[in-house]
Amino acid sequence: MNRRLILIAGAASLLAALVLAAGASGSREVVQVGNLFLADNGGLTPSKLPKRERAPVTARLIGEIGTTDGSHPPALRSVDIDVDRSVAVDARGIPTCRLSQLTARSTADAKAACRDAIVGSGEAEVEVAFPEQQPFSSTGPLVLFNGGVSGSTTTFLLHAYVSVPAPTAIVTVAKLTSIHQGKFGLNITATIPRIAGGAGSVTRFELKVGRRFIYHGHPQSLLTANCPSGHYTTKGRATFSDGTELGVDHVFPCTPVG
């Protein structure tokens, strides 16, 4: 088994999860073009939230990519999603990690170098289909680090590591930018790296994102949300290696309080 595949798959999984399940509240949604489908699910804890003031939340993000006929799915290449303005990200006050601190490091060494910057963790699955071979699946860990805030953009660094056949680390960058476009307040963009030279595709991911911390003497949360209307909305697209685009418009329920 090529453990390097696990590494790259983890990167793809995190980015997809952040985009496709942001603001989710336990409502599975499936979109399909031809035989390719994408399902996203997850939840904000707590799901009961104030109507006006934002409250701290933790997100559990779950997704699946596959085909209706069981064939190997094309690889996810890029995502561009707008997220409801009821959901906000604020990493100011969380220690940051630099790319140089994660490059060529094992997961354990990366955590040791940037332990205070960790904001999420999880697991991903990738399916690899080389020519004239049966497809196989592999899983591996994900670790999300705060890369810092510059203006209206927050950077996240995803680190994944493999030790076979040689120690290898890949760091992927995701950008989350605050916007003011009607009901949307957050844009997430990412380009997903090729997996196994294009032979690998992410098929499942699960990620927990959240962080409570103290900033200027006050308790803060990486993720906050409110629920003025009883739902959250995401709108955008996911692009795959065969040119297929899937719209990822999704309305997630929440329970307003107060």
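This structure is a prediction, so every number in the text was calculated from the model and none was measured. (Residues numbered from 1 in each chain as written. Predicted model: local features only at pLDDT ≥ 70, side-chain atom pairs only at ≥ 80, totals over all residues. Heavy atoms only, no water.)

Focus on the nonpolar core
Among the nonpolar cores identified, the biggest contains 44 residues, and L222, Y232 and F240 are the most heavily contacted of them. The element best represented in this core is strand β6 (residues 76-84), accounting for 4 residues. Setting aside chain neighbours within four positions, we find F240 in contact with L36, L38, I65, P74, A75, L76, R77 and L246. Among the nonpolar cores identified, the runner-up in size contains 8 residues, and A110, C114, A117 and F145 belong to it. (Core = buried A, V, L, I, M, F, W, Y, C linked by side-chain atoms within 4.5 Å. Buried < 20%, exposed > 50% of the residue type's maximum accessible area, 1.4 Å probe, protein only. Helix = DSSP H or I, 4+ residues; strand = E, 2+ residues; numbered from the N terminus. Contact = heavy atoms within 4.5 Å.)

As for unusual backbone geometry
Residues other than glycine seldom take positive phi values, yet A104 does so here, at roughly 60°. Along the chain, A104 falls in the loop between α2 (99-102) and α3 (107-114). Residue A104 is classed as exposed on the basis of its relative accessible area, which comes to 66%. The phi dihedral of E132 falls on the positive side, at around 65°, and the residue is not glycine. Positionally, E132 belongs in the loop between β8 (118-128) and β9 (136-150). In this structure E132 comes out as exposed when scored by relative accessible area, which is 86%.

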